[in-house]
Amino acid sequence: MTYLAQGTRVGIRRIGLDDRTEFLTLNRQSADLLARWMPGIPIVTDEAFEGYMARFDHPANEGFVLCRLDTGAIVGRANLNNIIRGTRQDGTLGYCAYSSTTGRGYMTEGLRLLVGYAFGELGLHRVEANIQPSNTPSLNLIKRVGFRKEGYSPGFQFIDGAWRDHERWAVTVE
Ligand SMILES: CC(C)(COP(=O)(O)OP(=O)(O)OC[C@H]1O[C@@H](n2cnc3c(N)ncnc32)[C@H](O)[C@@H]1OP(=O)(O)O)[C@@H](O)C(=O)NCCC(=O)NCCS
């Protein structure tokens, strides 16, 4: 397997149509973990997968999977959404692990690789992540990856039946 970037245990690559079965299985198994934190419809059907993949036909969105180097198994997913070029060069990071892969440090390694790729090959200057204040694992993760808190947005995004406040975190290439 060829990766865009790889560390000691994790490699990152673009998600592909061939990932359908493994990706849907992981999302189905982790539906309870993801429902409270991830926006949009759960990616648990063929139709939802195709909708998710169609997002990456647009150059403003990039979709990745984080994989174990030893087995190639997917351990997480990450997207860079709403990439703005010109004088902004920034994008919004979304991510999740799965119930069978969380709590092992894979996401920290994978997101560090992804941010490096965003600043390198993708030429971005800033990557942001928006996180609910009660999502402690996600806040701990993003701090480990080097993001800093920029602000707080009440009612930022509709998730799991309500408009949820989010903390806004970001990292710039400097
Ligand atoms: C947010 C989320 C991605 C965080 O994932 P995570 O598994 O905690 O992150 P990592 O893979 O970096 O694992 C870190 C944990 O593994 C532990 N760990 C175990 N073995 C490890 C190892 N060999 N190396 C490093 N860390 C290790 C760390 O101690 C840490 O645990 P702690 O936070 O309790 O101290 C995950 O909880 C998730 O997917 N949640 C649901 C979706 C979600 O919230 N997405 C984000 C929306 S903003």
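Further up the page is the structure itself.
Treat the numbers as computed from the prediction; the structure is a model and nothing was measured.

1. Describing the packing of helix 1 (residues 20-29) against helix 3 (residues 46-54)
Part 1: Where helix 1 contacts helix 3, the two axes come as close as 11 Å, and the packing angle between them is 110 degrees. Considering the angle they form, helix 1 stands roughly perpendicular to helix 3. Between helix 1 and helix 3 the crossing geometry is right-handed. Across the interface between the two elements, Arg20, Phe23 and Leu24 of helix 1 pack against Asp46, Phe49, Glu50 and Tyr52 of helix 3.

2. Observations regarding the packing of aromatic side chains
Part 1: The tally for this structure, following the rule as stated, stands at five aromatic pairs.
Part 2: Centroid distance Phe158 to Trp163: 5.3 Å. Interplanar angle 65 degrees. Geometry classified as edge-to-face.
Part 3: Classification of Phe158 by relative accessible area gives partly exposed; the value is 43%.
Part 4: Note on Trp163: relative accessible area 58%, which makes it exposed.
Part 5: Linked through ring pairs, Phe23, Phe49, Tyr52 and Phe56 together constitute an aromatic cluster.
Part 6: Above the face of the Trp37 ring, Arg36 is positioned so that its terminal group lies 4.8 Å from the ring centre.

3. Examining the side chain of Ser30
Part 1: Mapping Ser30 onto the fold places it in the loop between helix 1 and helix 2 (31-35).
Part 2: Apart from residues lying up to four places away in sequence, Ser30 is in contact with Tyr98 and Ser99.

4. Examining helix 1
Part 1: For helix 1, every residue scored as buried is listed here: Phe23, Leu24, Leu26 and Asn27. Projected down its long axis, helix 1 carries its buried residues within an arc of 160 degrees, all on one side. Facing away from the buried side of helix 1, by more than 90 degrees, are the exposed residues Thr21 and Gln29.
Part 2: Against the buried residues of helix 1 lie helix 2, helix 3, strand 3 (62-68) and strand 4 (74-84).

5. Considerations on helix 5 (residues 136-144)
Part 1: Where helix 5 is concerned, the buried positions are Ser138, Leu139, Leu141 and Ile142. Buried residues along helix 5 cover an arc of 160 degrees about the axis, so they all sit on one side.
Part 2: In the core, the buried residues of helix 5 are packed alongside strand 5 (90-97), helix 4 (106-119), strand 6 (126-131) and strand 8 (162-172).
Part 3: After helix 5 finishes, the residue Gly146 shows a positive phi value of roughly 105 degrees.

6. Points about the site of the ligand
Part 1: Around the ligand, a shell composed of 22 residues is seen, among which Ala97, Thr102, Gly103, Met107 and Thr108 lie nearest.
Part 2: Interatomic distance of 2.9 Å between a backbone N/O atom of Gly105 and an oxygen atom of the ligand.
Part 3: For the ligand, an oxygen atom lies 2.7 Å from a polar atom in the backbone of Met107.
Part 4: Elements supplying a minimum of two residues to the shell around the ligand: helix 2, strand 5, helix 4, strand 6 and helix 5.

7. Description of the pattern of salt bridges
Part 1: This model, assessed by the stated rule, comprises twelve salt bridges.
Part 2: Residue Glu128 pairs with Arg126 through a salt bridge whose shortest N-O separation is 3.0 Å. Arg126 carries the same exposure label as Glu128, and that label is buried.
Part 3: Where Glu150 meets Arg148, a salt bridge forms, and the shortest distance between an N and an O atom there is 3.7 Å.
Part 4: Note on Glu150: relative accessible area 33%, which makes it partly exposed.

8. Quick look at the sheet that holds strand 4
Part 1: With mixed pairing, eight strands are arranged side by side in an open sheet as 1-2-3-4-5-6-8-7. Every other strand in the sheet has two partners, leaving strand 1 (5-6) and strand 7 (148-159) as the edge strands with one partner each.
Part 2: Two strands pair when backbone bridges link them, and strand 5 and strand 6 are joined in this way by three bridges, in the parallel orientation. Looking across to strand 6, one finds that Thr92 is bridged to Glu128.

Criteria and thresholds
Starting from 1, residues in each chain are numbered consecutively following that chain's sequence as written. Restriction of local features to residues with pLDDT of at least 70 applies here, the model being predicted, together with a cutoff of 80 or more for giving and counting side-chain atom pairs; totals for whole chains, interfaces and linings are based on all residues. Only heavy atoms go into the side-chain values, all of them from the structure, while hydrogens and water stay out. Simply put, an axis is a line fit to the C-alpha atoms, just over the touching stretch for a helix, and the angle between two N-to-C directions goes from 0 to 180 degrees. What counts as a helix is a DSSP run of H or I of at least four residues, what counts as a strand is a run of E of at least two, and both are numbered from the N terminus. Orientation categories follow fixed angle ranges, with anything under 35 degrees roughly parallel, anything over 145 roughly antiparallel, 65 to 115 roughly perpendicular, and all other angles oblique. Take the far helix as the reference: if the near one is turned anticlockwise from it by less than a right angle, the crossing is left-handed, and if turned clockwise, right-handed. A contact between two residues is defined here by any heavy atoms of the two lying within 4.5 Å. Only rings of Phe, Tyr and Trp enter the pairing, Trp through its six-membered ring, and a pair is recorded when the two centres are within 6.5 Å. The plane angle decides the type: under 30 degrees is stacked, over 60 is edge-to-face, the rest tilted. The buried label goes to any residue with under 20% of its type's maximum accessible area, the exposed label to any with over 50%, and the partly exposed label to all in between, with areas taken from a 1.4 Å probe on protein chains only. Over a ring means this: the NZ of a Lys or the CZ of an Arg is within 6 Å of the ring centre and within 35 degrees of the ring normal. The arc in question is traced by the directions running from the helix axis to the C-beta atoms. We define proximity as follows: a residue is near a molecule or strand when any one of its heavy atoms falls within 4 Å of that partner. Here a polar contact is taken to be a pair of N or O atoms separated by no more than 3.5 Å, where protein atoms must pair a possible hydrogen donor with a possible acceptor and residues adjacent in sequence count only if both atoms sit in side chains. The term salt bridge refers to a pairing of a side-chain nitrogen on Lys or Arg with a carboxyl oxygen on Asp or Glu at a separation within 4 Å. For two strands to be treated as a pair, DSSP must find at least two bridges joining them.

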